[in-house]
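Commentary on secondary and tertiary structure
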Amino acid sequence: CSALEKAESTVFVASGMYASVAMLSTLVPAGGHIVTTTDLYRKTRIYMETELPKRGITMTVIRPADMDALQDALDNNNVSLFFTETPTNPFLRCIDIELVSNMCHNKGALLCIDSTFASPINQKALTLGADMVVHSATKYIAGHNDVIGGCISGRDELVSKVRIYHHVVGGVLNPNASYLILRGMKTLHLRVQCQNSTALRMAQFLEEHPKIARVYYPGLPSHPEHHIAKSQMTGFGGVVSFEVDGDFDSTRKFIDYVKIPYHAPSFGGCESIIDQPAIMSYWDSKEQRDIYGIKDNLIRFSIGVEDFEDLKNDIVQATHGT
């Protein structure tokens, strides 16, 4: 993974969430300040909101494209770290890594990018100025929906600090998981190239479909950061988020009618996966859904390695059933 990310060092750990926790615990001192974005894996946000304050760590949350808010946070706080995803979950917003790395470094702050949605095939954040990159290896890197793992890559100076924390706290990747991730990495480039191609075709198809209200995919010119994605990614990834032209129940029926994708909360594997965030990751809080724009009709569709026409026909027949 160090070679893929062009990193000096990488440490593999038991999960992507643990990778984020280990990185934050190591690089953000007690009483420090971090900046993150509204669009983010929910469990990462919950950890930041509930656990980091116990160490006196404060946080500024900005919208992904709001560079003025980032500059304001850097100017008015002693920021230790800016931690965000690009593309983000679930709206696939893209952050200009080179721009924000310069902004952070000018104020003495570190930049860590969760690059899980991109994969190291499509994006190499370290070459654009990021200090650290984290992945949920469960997703594209392993790629077979059958193992959990995470990794942290970057300068040896920083990764060594994380490794020391990791050796004390645990979160060790077991040998069989290591084997499965190594197996998956052998086909990483083949899988991601296929997923890039199929996902772009699917996004274009969905954007033209009369029963789809909106599509979120960085490969589409309609995406607000399409220009950023084009400049820092070699492919746009295998996840397409979209909103069905309907309500909660019609969206749920649409997912029930789809036959090929599994209904599950993951992405990046050989098998396509589809989920409705309103009843999956945000099932317990309408208030949180409203705050972060998670509508009842939002769907996250992770494209696998199936044939595009098979997936398209499946979507078509599902829309006929709603």
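The shown structure was predicted, so the numbers you read here are calculated from the model rather than taken from an experiment.

A few words on the pairing of strand 4 (residues 79-85). Within strand 4, seven of the seven residues are buried, which leaves it mostly tucked inside the rest of the structure. Of the pairings in the sheet, the one linking strand 2 (residues 33-37) to strand 4 comprises three bridges and is parallel in character. Counted as the bridge partner of His-33 is Val-79 from strand 4. You can see the chain leave strand 4, run along helix 5 (residues 97-106) and come back into strand 5 (residues 110-114), and the turn it takes is right-handed.

As recorded in UniProt, the sites labelled "modified residue: N6-(pyridoxal phosphate)lysine" (unreviewed entry) are Lys-139. Mapped onto the secondary structure, Lys-139 falls in the loop between strand 6 (132-136) and strand 7 (150-154). Note on Lys-139: relative accessible area 15%, which makes it buried. Leave out the neighbours within four places in its chain, and Lys-139 touches Thr-116, Ser-266, Phe-267 and Gly-268. At a separation of 3.0 Å, a polar atom in the side chain of Lys-139 contacts the side chain of Ser-136.

A few words now on the sheet that holds strand 2. One open sheet accounts for seven strands, arranged 1-7-6-5-4-2-3; its pairing is mixed. With partners counted over all chains shown, the strands left at the sheet margins are strand 1 (9-13) and strand 3 (58-62), one partner each. Strand-to-strand twist of the sheet, defined as the mean angle between neighbouring strand axes without regard to direction, takes the value 20°. Two elements, strand 1 and strand 7, share five bridges in a ladder whose sense is antiparallel. When the sheet's bridge partners are listed, Val-11 is paired in strand 7 with Ile-152.

With that settled, the discussion passes to helix 9 (residues 188-208). Helix length check: helix 9 (21 residues) gives 30 Å between terminal C-alpha atoms against 30 Å at 1.5 Å per residue, within 8%. Here helix 9 has its buried residues at Leu-188, Arg-191, Val-192, Gln-195, Asn-196, Thr-198, Ala-199, Met-202, Ala-203, Phe-205 and Leu-206.

Along its sequence, the protein is carved into domain 1 (9-178) and domain 2 (187-321). Here the C-alpha centroids of domain 1 and domain 2 sit 24 Å apart. Listed per partner, the contact involves 33 residues of domain 1 and 43 residues of domain 2. Summed over both partners, the interface of domain 1 with domain 2 buries about 3100 Å², with 56% contributed by carbon and sulfur atoms. Considering only the surface of domain 1 that becomes buried against domain 2, Arg-42, Phe-91 and Tyr-140 emerge as the three largest contributors, covering 25% of it. Counting the contacts that link domain 1 with domain 2 gives one salt bridge. Among the salt bridges present, the one from Arg-93 reaches Glu-225, with a minimum N-O distance of 2.7 Å. On inspection of domain 1 and its partner domain 2, the count reaches 16 residue pairs in polar contact (both at pLDDT 80 or more).

Tallying each qualifying case throughout the model produces five aromatic pairs. Arranged with centres 6.3 Å apart and planes meeting at 75°, the rings of Tyr-217 and Phe-236 form a pair that is edge-to-face. Of this pair, Tyr-217 sits in the loop between strand 8 (212-216) and helix 10 (226-232) while Phe-236 sits in the loop between helix 10 and strand 9 (239-244), and the two are 19 residues apart along the sequence. Relative to Phe-254, the ring of Phe-242 has its centre 6.1 Å away and its plane inclined at 90°; by these criteria the two rings are edge-to-face.

Ranked by size, the top nonpolar core spans 36 residues in total, and within it Met-202, Leu-206, Val-215, Tyr-217, Phe-242 and Phe-254 carry the most contacts. Mapped onto this core, the elements with two or more residues apiece are helix 9, strand 8, helix 10, strand 9, helix 11 (248-257), strand 12 (298-302) and helix 13 (308-320). Looking at which domains feed residues into this core, each of domain 1 (9-178) and domain 2 (187-321) gives three or more. With 26 residues, the next largest nonpolar core counts Tyr-18, Leu-24, Ile-34 and Ile-57 among its residues.

Scoring rules and cut-offs
- Residues numbered from 1 in each chain as written.
- Predicted model: local features only at pLDDT ≥ 70, side-chain atom pairs only at ≥ 80, totals over all residues.
- Heavy atoms only, no water.
- Buried < 20%, exposed > 50% of the residue type's maximum accessible area, 1.4 Å probe, protein only.
- Helix = DSSP H or I, 4+ residues; strand = E, 2+ residues; numbered from the N terminus.
- Pairing = 2+ DSSP bridges.
- Right-handed = clockwise from strand over helix to strand, strands pointing away.
- UniProt positions renumbered as here; feature names shortened; annotations may be inferred.
- Contact = heavy atoms within 4.5 Å.
- Polar contact = N/O pair within 3.5 Å; in protein donor to acceptor, adjacent residues only side chain to side chain.
- Axes fitted to C-alpha atoms, helices over the stretch in contact; angles between N-to-C directions.
- Expected span 1.5 Å × (residues − 1).
- Domains from an automatic or database assignment.
- Buried area = accessible area lost by both parts, 1.4 Å probe.
- Salt bridge = Lys/Arg side-chain N within 4 Å of Asp/Glu carboxyl O.
- Phe/Tyr/Trp six-rings, centres within 6.5 Å; stacked < 30°, edge-to-face > 60°.
- Core = buried A, V, L, I, M, F, W, Y, C linked by side-chain atoms within 4.5 Å.

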